[in-house]
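In case you want the letters, here they are:
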Amino acid sequence: NTLGVIIARFQSPYLHAGHKRLIESVIKDHNKTIIVLGVSPVLGSRRNPLDFHTREKMIKKEYPEVVVLPLSDHPFDAVWSTNLDHLLTNSFPGSKFK
């Protein structure tokens, strides 16, 4: 049972061809695909115009089998990485991620 993880922003009004190629390549090579979306503390900014639920809905519309999870942005990479590890291990206990 292999799990593929994509970490992304997907801050566009639609999934473009590059997004789709990435998602489809991970789906093809893994039993389950998880997309972790970065969530900015500032909603509706120019750099991050879309909230988590809007992006999740956009992804699930075309890829309903994909699991989409939010992860809050953090200014320190080590803290962000630890938060990512906790999110994945708590959501999928005992799994290994690629």
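Refer to the structure printed above.
Residues numbered from 1 in each chain as written. Predicted model: local features only at pLDDT ≥ 70, side-chain atom pairs only at ≥ 80, totals over all residues. Heavy atoms only, no water.

### So, the pattern of salt bridges
- According to the stated counting rule, one finds 2 salt bridges in the structure shown.
- Glu62 is the salt-bridge partner of Lys20, the closest N and O atoms lying 3.3 Å from each other. Taken together, the residues span a long stretch of sequence, with Lys20 in helix 1 (residues 17-29) and Glu62 in helix 2 (residues 52-62) at a distance of 42 residues.
- Of the residues examined, Lys20 reaches a relative accessible area of 27% and is grouped as partly exposed.
- By relative accessible area, Glu62 is classed as partly exposed at 39%.
- We note a salt bridge from Lys28 to Asp29, for which the minimum N-O separation is 3.6 Å. (Salt bridge = Lys/Arg side-chain N within 4 Å of Asp/Glu carboxyl O. Helix = DSSP H or I, 4+ residues; strand = E, 2+ residues; numbered from the N terminus. Buried < 20%, exposed > 50% of the residue type's maximum accessible area, 1.4 Å probe, protein only.)

### Regarding the environment of Gln11
- You can see Gln11 is positioned in the loop between strand 1 (3-8) and helix 1.
- The class of Gln11 is buried, set by a relative accessible area of 18%.
- As a C-alpha pair, Gln11 and Leu37 span 26 residues in sequence and 9.5 Å in three-dimensional space.
- Ignoring any residue separated from it by four or fewer positions in sequence, one finds Gln11 in contact with Arg47, Asn48, Pro49, Leu50 and Arg55.
- A polar side-chain atom of Gln11 sits 2.8 Å from the main-chain amide nitrogen of Leu50. (Contact = heavy atoms within 4.5 Å. Polar contact = N/O pair within 3.5 Å; in protein donor to acceptor, adjacent residues only side chain to side chain.)

### Looking at the sheet that holds strand 3 (residues 67-72)
- Read from one edge to the other, the open sheet built from 3 strands follows the order 1-2-3, with strand pairing classed as parallel. The sheet is open, and its two edges are formed by strand 1 and strand 3, each paired on a single side. Direction aside, the axes of adjacent strands within the sheet are offset by 25° on average.
- Across 6 bridges, the pairing between strand 2 (residues 32-39) and strand 3 is parallel. From the neighbouring strand, Leu37 faces strand 3, where its bridge partner is Pro70.
- Where helix 3 (residues 77-91) meets the sheet, it contacts strand 1, strand 2 and strand 3, and its direction lies at approximately 145° from that of strand 3. (Pairing = 2+ DSSP bridges. Axes fitted to C-alpha atoms, helices over the stretch in contact; angles between N-to-C directions.)

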